[in-house]
Amino acid sequence: MRIDLAWMIRKGFAVPGSSRTGNLRWTRGGQPSGNISYTCWMFEPDDARLELRFSIPDRMTDERKHCTQNIRLSYTVPRYGGKRWWMHCPVNGARVGKLYVPPGGDIFASRRAWRIGYRSQRGTRQDRTFEKLFRIQRRLNSEEGWGAIPMRPKGMHHRTYERHLERYFAIDEQCGRETLALLGRIGADLPFEI
């Protein structure tokens, strides 16, 4: 679960110069996956804070443990004017825009505190190649998957579609080479020669 202060301000869940109380809800696959209550005080810069109230399962018993977490807020003044609000990680004090709590976690903290990597950091070279292929399929409103040939979306110029399709087939060929090389390395029985 993630808390994004800039998103909260854009949506009116937090308003500089006032206080707001409400609930934040998360879903995964259309099913509820989290819910917390919050109060955000943004009157004085020295006393601005976000109070989070939530419950987590107690590992020793089947009951839920109620938690309250206070997040210090501050702002900076960008060169182009206005104010940019930040949260301070309760673990390392870093100024961040987003706080996270991973499955099994009990507090909201920064990516660095939880050692949460970005998706691009976790993938292999083969993953990146397939992601390029899927990105073109998404751009062409096609079904994602290896071997799914995308059709030209309505309204797209033929030259643009042909350029995307040319890139698609080049990446598709690269995916095939990398998959065959991987199968060769792991010694898979192939019905043909590599």
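Everything here concerns the structure above.
Residues numbered from 1 in each chain as written. Predicted model: local features only at pLDDT ≥ 70, side-chain atom pairs only at ≥ 80, totals over all residues. Heavy atoms only, no water.

Asker: Mind laying out the overall build of the chain, listing which residues take part and the relevant values?
Answerer: A count of helices and strands for the chain gives five helices and eight strands. In the chain, the order of α-helices and β-strands from amino to carboxyl end is β-α-β-β-β-β-β-β-β-α-α-α-α. A compact globule built from 194 residues should have a C-alpha radius of gyration of about 16 Å, whereas the chain, at 24 Å, is more than 25% larger. Dimensions of the chain along its principal axes, counting C-alpha atoms only, are 65 × 50 × 30 Å. Carbon and sulfur atoms make up 49% of the accessible area of the chain, which amounts to about 13,800 Å² in all. (Helix = DSSP H or I, 4+ residues; strand = E, 2+ residues; numbered from the N terminus. Rg over C-alpha atoms; globule rule 2.2 N^0.38 Å. Areas by Shrake-Rupley, 256 points an atom, 1.4 Å probe, with all protein chains shown as cover.)

Asker: Quick rundown of the sheet that holds strand β5 (residues 64-76)? Include the residues and the values.
Answerer: Ordered in space as β2-β3-β4-β5-β6-β7, the six strands form an open sheet in which the pairing is antiparallel. At either end of the open sheet lies a strand with only one pairing partner, and these are β2 (19-28) and β7 (95-96). One ladder, built from two bridges, connects strand β6 (residues 84-88) with β7; its direction is antiparallel. Within β7, the position partnered with M87 by the bridge is V96. (Pairing = 2+ DSSP bridges.)

Asker: Explain a positive patch on the surface to me, and be specific about the residues and the numbers.
Answerer: Residues R128, K132, R135, R139, R163 and R167 make up a contiguous surface patch of positive charge. Elements that contribute at least two residues to the positive patch include exactly α4 (125-139) and α5 (158-186). Looking at which element gives the most residues to the positive patch, the answer is α4, with four residues. Examined against the element boundaries, R163 turns out to sit in helix α5. (Patch = residues over 30% accessible without salt bridge, like charges linked within 9 Å, V, L, I, M, F, W, Y side chains within 5 Å. Salt bridge = Lys/Arg side-chain N within 4 Å of Asp/Glu carboxyl O. Lys, Arg positive; Asp, Glu negative; His and termini not counted. Charge placed at Lys NZ, Arg CZ, Asp CG, Glu CD.)

The values reported here are purely geometric and, on their own, carry no functional implication.
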